[in-house]
Structures are given as structure tokens and as C-alpha cells.
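Chains, contacts and geometry: an overview
Next come the chains, spelled out residue by residue.
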Amino acid sequence: MNNRKKRAGARTLAGIGVLTAVAVVLQYLPLVPSFLKLDFSDLPELIGAFAYGPLAGVAIALLKNVIHLLVSQSGFVGELSNFLLGGVFALTAGLIYRRHKTKKTALLAGAAASLVMALVSVATNYFVVYPLYYNVLGLPEPVVLGFYQAILPSIQNVFQALWVFNVPFTLVKGLICVAIAMPVYKPLTPFLKGRRDASK
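Quick notes on the rules
Residues numbered from 1 in each chain as written. Predicted model: local features only at pLDDT ≥ 70, side-chain atom pairs only at ≥ 80, totals over all residues. Heavy atoms only, no water. Patch = residues over 30% accessible without salt bridge, like charges linked within 9 Å, V, L, I, M, F, W, Y side chains within 5 Å. Areas by Shrake-Rupley, 256 points an atom, 1.4 Å probe, with all protein chains shown as cover. Salt bridge = Lys/Arg side-chain N within 4 Å of Asp/Glu carboxyl O. Helix = DSSP H or I, 4+ residues; strand = E, 2+ residues; numbered from the N terminus. Buried < 20%, exposed > 50% of the residue type's maximum accessible area, 1.4 Å probe, protein only.

With that settled, consider a nonpolar patch on the surface. On the surface, a nonpolar cluster with roughly 920 Å² of combined accessible area is contributed by L115, L119, Y126, F127, V128, I151, L152, F159, W163 and V164. Taken together, the elements giving at least two residues each to the nonpolar patch come down to α5 (103-135) and α7 (158-193). Ranked by the residues each element gives to the nonpolar patch, the list is headed by α5, at 5 residues. Tracing the chain through its elements places F127 in helix α5.

Structure below.
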């Protein structure tokens, strides 16, 4: 029994390591090279949360961003934001999925996690991330607001911009990760969890 637990633990750690490496690579493949960056690096966190539990997904989000600090261009602020949202995404999906491990539950868990991540993005950006941009990185609030107004001049303030732009953007980003995870998770399960666990 102890040997079996050790093998399972080693497999989990190895899987988390592989998924973290994939997440790091995906961070370098943004689809939108702009102020709002769309990447698929939350996908391995979601798969990890499904395969190993919610805390594993959070761990992948943390490790991915710690590694990315080595090449950070945002003075850790971007990595903090990515971790907060990715962690919430993986935690929510993992908590829901572990109660009933079916394809339908995985889909509902991913959709719910995407919505939660989108809503949480308002609070994390408004109260944590953007104040760090203003006060630590020397990027004044009017400049940040200007990024949004360049797209939609009628935006009056950053809080409004977060609801108009960040919430739908983050929601779509999460849903795209869910859409990709659904067909690939099952084939990856034997590799991630071992043949005996391939049904979950």
C-alpha cells in the first residue's frame, strides 16, 4: 500500500511538472500582443485540477508564474495577476469536478470557473493589480485608462473599462481553455494518472 501511494505521489509530481512546463511554453504564444494578452497557459492548470485536484491546478499556476518571473517585463505585476486569476480558475473547476467526475460535470465546472474568474478579475485588477501599475511601475491611471479609450472613447473610468473589456475577455479566455480541455483530457488521462485510473 505504501509503495502504491509513493508511486501515485511520484506520478502526480511528475504530471504537475510536465503540465507546468507546458503552461510556461504556452505563455510565450500569445494570440493578441497587446495590453490585454490572450494565451492558453491556463489550460494545463485546468487539466491538472481535473487530474490531480484543485490544489494541483493552483500549484501549476504558481510555478508557471514563478518561472516566468525570470523574463518578466512587468516587474512581477503581470505574473501576480496571472496567478490570481489562473489560481481561481483551477481551484473553482477542481472543486466542482472532484465531487462527480463525469464529462458533463467537467463542462459545467469549466464554465463556472470561467465565470468566476471573469468576475474576480474586476476585484483583483481594480484593487490589487492596477494600483501596483500606478504606484510601483509608474504607469498613471490616466495612461491605463487611455489604453481602453483608444478602443472605446466613451469609457469614463477604469472600473467601467474592467466590466466592458476585462470581464468578457477573461470569460472568453476561460471558455476557450475549457473547449480545448474537453476533447484532450480523456486521451491524456492514462499518461497523467496511470492506466488503472484512466476512467476518471
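Turning our eyes to something else, we now look at the pattern of salt bridges. For the structure on display, the rule yields 3 salt bridges. Between D42 and K173 there is a salt bridge whose closest N-O contact spans 3.5 Å. With a gap of 131 residues between them, D42 in the loop between α1 (2-27) and α2 (43-52) and K173 in helix α7 connect regions that are remote in the sequence. Accessibility classification places D42 together with K173 in one group, the buried group. Among the ionic pairs, K64 bridges to E45, the shortest N-O distance being 2.4 Å. Residue K64 is located in helix α3 (residues 54-68), and its partner E45 is located in helix α2; the two are separated by 19 residues in the primary sequence. Overall, E45 belongs to the buried group, its relative accessible area being 0%. Here the salt bridges share partners, and the residues they tie into one network are D42, E45, K64 and K173.

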